[in-house]
Amino acid sequence: MLKRLYARLIPHTARIKILMVFIAINLAATVAYTLYAWNLKADAVRETIDARLVAAASAAPKMIGYDYLREARDPQAIDEQRYLAMVRLLHDYCQKVGLRYLYVFTQEGNRIIYLADAASEEEIRAGNYGRYYGEYDTRPLGLAQAFATGKPQFAEYEDRYGHFRSVFQPMQREDGKTLVFGADIDLSDVEAQQREALNQALLIGMGLFLAGVLGSFWLARTLSAPLSRLAEAADRIADGDYRVRVPARGHDEFALLARAFNSMGSAISEREAEIIRMAYIDPLTELPNRVRLAELIAEEIQAAQQGDDSVAVVMIDIDRFKYINDYLGYSAGDAALKSIAQRLRQVQRDTDHLGRFSGDEFVLILPGVHKGNIDNVVRRLHRILENPLAIAGQSIDVAGSTGVAFFPLHGTSANVLLREAEAAMYLAKRTHADYLIYDPGQEANRKSQLSLLGELKTAVEGNQLSTFLQPKINLSDGRICGVEALVRWNHPERGWIPPGQFIPFAEQTGKIRALTLWMLRECMLTSCHWAALGRNVRISVNVSVNDTEDPAFAGMVQSLLEETGADAHNLCLEITESATMEAPDKVLEALRHLRSLGFKLSIDDFGTGYSSLAYLSRLPVQELKIDRSFILQLDQADGLQIARAIVELGHVLKLDVVAEGVETQAAWDTLVELGCDQVQGFLVAKPMPIVDFDAWYKRHKGYWREAMEEDESGQIA
């Protein structure tokens, strides 16, 4: 109600508002000036009074006389008449210089006593003055501080004589006695001078305020006219009339504002369109962005609900894209993303939608596609991505990890489907699968894995872990030349837990270090035992990305060697190819340190990473292990050629080449023809506990051949 009344009484025009603003500013400035002027005047009054007090106290010894002060040493030294004469003299002096009282104190034990005082005739007759050697019982704080510190002190206090501002100025008498000279001025006099200063400041302030009000009326009238025209033009622009113009005469700020306003009117429609476009379009690839993708999925879900149809949400993450940015620069990375976006457009139909979700992640929305026909789409997508990109004069191989979620099978909202497609995509990346369809069980698996991570420390400390060994065979003579050590977890409640359920998450969360050090220690102790038996079998241990990037890791391994007394030459450390590329300089330094300790170094899963030949030649390694995915494809032309190339590359670099995942005699024979040095796999033996390996090794007497795999019963061992 008050607001409506205010609106009726005071129209909200620009002129009134400007006027009110100027009056408010003027009022604030006037009040500020008045307070400032009064404070200055009040401070000046106080400074003048303090100066007067100090001057009077400083002059007091001369007024009283040094002879008097020297004689006033005991109660009988000064007679009453002489003392009263001094009282009258000091009173007359106070009247002349504008003081109320002037007096002298000294201290006898805990007593403060008068040596001189000032009083009028009326006060003398009434006995209202300090007697010679009489005790002063009020004791202001400043007086006590003057006696204690020997320095002048100001004070405001009240006693039976009145309310005063005083100075207490100490002086040392010839006999070492401290005298304090006090000078008082009545605070009512001070307040009277300050009131006078306030009145003067108010008078000046009122004059300034009235002048400011008159000026405000003139300014409000001058400024409101162009503002009214601008406001009217703004209303027309708000209604969509971008052709409106306002007069822009002169060269003052209003004319500049009018010209700027006119320019804004011609550009605002284009900017609005661009803002809307940028809110929904990725500026790099010109594809729909995350926000627009969510809207498109929601629209397709609504359409699918009406037709009882399906919608597939496909999320693609470009593998190893980080290396493009790291080694070729971000401009090359941007160019690669543009090229990838152009390729992905080849997959989409007219009814499909393609967008950039974030970074190197893209999303395909496929109306009408379900689990039964998604395979062809994804296979085609991956074939398109497999062709090398030509970026910055370099040929770059790219690949993608893909996750798929379906409406209504997995969810009924855009955010849920995107989250589930992303979860499937990350699982595909971890498991090196081309693509995976979202499985609700994945959520339970992730929770189970998180629970396992919490129990991993207990497993390491509580002897729940075991070392399994898988033999390596020298192809030239069948000698059992080495083993790969693999960790196994026998959980007291869940039983044997596959490594794939806890090792990847342990790597991602930084808990892999405890596993690595445990495995190294166990393998070093086993190696010492074998060395005592004269068994020449090298043990290989896997080392994670986190280990190779940590500068302190090599020192930890060296400490384990010293603790166990193992010979590093009997041990091999296997590092995945992708790990060598995570932080090349750090990894290279760590590997050199480990090599200097005597370890054999091996690159595991070779062919699945992104290392260059130049970088590979710099690594202090002695072995390459061909990834099992290529060995399983030896019966295919591509797999055979890749294996042949890796073997030849390894030999050119003077490295031993090991094939893992050998499961058939045909694969064995092919690897022999290719000149591979060593093999391991189920054809030879599955991973087995150390005790079982000892028995297996003794039975084979250190050599393995196919014929030797038959025991006396004729069955394969």
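Structure: see above.
Below is a summary of the structure that appears in this document. (Residues numbered from 1 in each chain as written. Predicted model: local features only at pLDDT ≥ 70, side-chain atom pairs only at ≥ 80, totals over all residues. Heavy atoms only, no water.)

## Observations concerning a nonpolar patch on the surface
Spelled out, the test is: Excluding any residue in a salt bridge, patches collect residues exceeding 30% relative accessible area, merging like charges within 9 Å and nonpolar Val, Leu, Ile, Met, Phe, Trp and Tyr side chains within 5 Å. Accessible surface area values rest on a Shrake-Rupley calculation with a 1.4 Å probe, where residue burial reflects the displayed protein chains alone. Note on definitions: salt bridges are taken to be side-chain nitrogens of Lys or Arg within 4 Å of carboxyl oxygens of Asp or Glu. Runs of E in the DSSP output that reach at least two residues are strands. Runs of H or I that reach at least four are helices, and both are numbered from the N terminus. Using a 1.4 Å probe on the protein chains alone, a residue whose accessible area is under 20% of its type maximum counts as buried, one over 50% counts as exposed, and one in between counts as partly exposed.
A cluster of nonpolar side chains, namely Leu27, Val31 and Leu35, defines an oily patch on the protein surface of about 250 Å² accessible area. Tracing the backbone through its elements, the reader meets leucine 27 in helix 2 (residues 14-64). You can call leucine 27 partly exposed: its relative accessible area is 44%.

## Comments concerning unusual backbone geometry
With the exception of glycine, most residues fall at negative phi, and the peptide bonds are largely trans. Here the residue pair phenylalanine 407 and proline 408 is connected by a cis peptide bond, since its omega of 0° sits within 30 degrees of zero. Its place among the elements puts proline 408 in the loop between strand 11 (400-407) and helix 13 (414-431). Positive phi, close to 60°, is recorded for lysine 654, a residue that is not glycine. Along the chain, lysine 654 turns up in the loop between helix 23 (637-652) and strand 20 (656-660).

## Comments concerning the pattern of salt bridges
Inspection of every chain in the model, using the stated rule, returns 32 salt bridges. For aspartate 319, the salt bridge goes to lysine 429, with nearest N and O atoms at 2.7 Å. Taken together, the positions of aspartate 319 in the loop between strand 6 (311-318) and helix 10 (321-328) and lysine 429 in helix 13 put the pair 110 residues apart, joining distant regions of the chain. With a relative accessible area of 15%, aspartate 319 lands in the buried category.

## Overview of the sheet that holds strand 11
Put simply, the rule reads: Strands qualify as paired when DSSP identifies two bridges or more between them. Note on method: axes are straight lines fitted to C-alpha atoms, helices fitted across the in-contact stretch only, with angles between N-to-C directions ranging 0 to 180 degrees. Here, residues are in contact when the closest pair of their heavy atoms is within 4.5 Å.
With mixed pairing, the five strands of this open sheet are ordered in space as 7-8-6-11-12. Pairing within the sheet leaves two strands with one partner each, and these edge strands are strand 7 (353-358) and strand 12 (435-437). Strand after strand, the sheet turns through a mean of 20° between neighbouring axes, direction not considered. Together, strand 6, strand 7, strand 8 (361-367), strand 11 and strand 12 form the strand contacts of helix 13, whose direction differs from that of strand 11 by roughly 145°.

## Brief notes about the side chain of threonine 526
For threonine 526, the position within the fold is in helix 16 (residues 512-533). Apart from residues no more than four positions distant in its own chain, threonine 526 is found in contact with Ile539 and Ile690.

## Some details on the packing of helix 10 against helix 11 (residues 330-345)
Where we set the bar: By definition in this entry, angles of less than 35 degrees are roughly parallel, angles greater than 145 are roughly antiparallel, angles of 65 to 115 are roughly perpendicular, and the rest are oblique. All amino acids are sorted into three groups, where Ala, Val, Leu, Ile, Met, Phe, Trp, Tyr, Cys and Pro are nonpolar, Asp, Glu, Lys and Arg are charged, and the leftover types, Gly among them, are polar.
Helix 11 packs onto helix 10 with a crossing angle of 140° between their chain directions and a minimal axis gap of 6 Å. Overall, the two elements helix 10 and helix 11 adopt an arrangement that is oblique. Here helix 10 contributes Phe321, Ile324, Asn325 and Leu328 to the contact with helix 11, which in turn contributes Tyr330, Ala332, Gly333, Ala336 and Leu337. Looking at the contact of helix 10 with helix 11 residue by residue, the class counts come to seven nonpolar, two polar and no charged.

## Here's the deal with the side chain of glutamate 361
This is how the line gets drawn: Here Asp and Glu are counted as negative and Lys and Arg as positive; His is not counted, and neither are the chain ends.
Residue position: glutamate 361 is located in strand 8. For glutamate 361, which is buried and forms no salt bridge, the nearest opposite charge comes from arginine 290, at a distance of 5.9 Å. If near-sequence neighbours (up to four positions away) are discounted, glutamate 361 is found in contact with Met315, Ile316, Asp317, Arg356, Glu422, Met425 and Tyr426.

## Points about empty space enclosed by the protein
Note the following rule: Of the two site types, the cavity is a set of points on a 1 Å grid over the protein atoms alone where a 1.4 Å probe fits but cannot get out, and the pocket is an open set with protein on both sides within 12 Å along at least five of seven lines, each lined by residues with an atom within 4 Å of a point. Grid points are joined across faces, edges and corners, and a volume is the space filled by probe spheres set on the points.
Going through the model one piece at a time under the given rule, you end up with one cavity of 30 Å³ or more. Estimated volume of the largest cavity: approximately 90 Å³. In terms of lining, the largest cavity is formed by Tyr101, Tyr103, Phe105, Tyr114, Asp117, Asn128, Tyr129, Tyr136, Tyr157, Asp159, Tyr161 and Asp184. Put simply, the parts of the chain that give the lining of the largest cavity at least two residues each are strand 1 (101-108) and strand 3 (153-159). For the lining of the largest cavity, the element with the most residues is strand 1, which contributes three residues. Tallied by class, the residues present in the lining of the largest cavity amount to eight nonpolar, one polar and three charged.

## Things to note about the packing of aromatic side chains
One pair of aromatic rings is described through two measures. These are the centre distance and the angle between the planes. Rules: By convention, a stacked pair of Phe, Tyr or Trp rings (six-membered ring in the case of Trp) has centres within 6.5 Å and planes under 30 degrees apart, an edge-to-face pair has planes over 60 apart, and any other such pair is tilted. The criterion for a charge sitting over a ring is simple: Lys NZ or Arg CZ within 6 Å of the ring centre, and within 35 degrees of the ring normal.
Tallied over the entire structure, the rule returns 15 aromatic pairs. With a centroid separation of 5.0 Å and 45° between ring planes, the pair formed by tryptophan 668 and tryptophan 704 is classed as tilted. Placement of the pair is tryptophan 668 in helix 24 (residues 665-674) and tryptophan 704 in the segment after helix 25 (690-700), with a sequence separation of 36 residues. Members of the aromatic cluster, joined through ring pairs, are Tyr101, Tyr157, Tyr161, Phe164 and Phe168. The ring of phenylalanine 357 carries arginine 290 above its face, with NZ or CZ at 4.1 Å from the centroid. Above the face of the phenylalanine 682 ring, lysine 686 is positioned so that its terminal group lies 5.5 Å from the ring centre.

## As for the sheet that holds strand 5 (residues 178-186)
Taking strand neighbours across the sheet as the criterion, the five strands line up as 2-1-5-4-3 in an open arrangement whose pairing is antiparallel. The sheet is open, and its two edges are formed by strand 2 (111-116) and strand 3, each paired on a single side. Each strand axis lies, on average, 35° off the axis of its neighbour in the sheet, ignoring direction. Bridge count between strand 1 and strand 2: five bridges; the pairing is antiparallel. Note that in strand 2 the partner of valine 104 across the bridge is alanine 116. Sheet contacts for helix 4 (residues 80-97): strand 1 and strand 2; angle to strand 2, the most-contacted strand, approximately 80°. Along the sheet face, helix 6 (residues 141-149) touches strand 1, strand 2, strand 3, strand 4 (162-172) and strand 5 and points at about 145° away from the line of strand 3.

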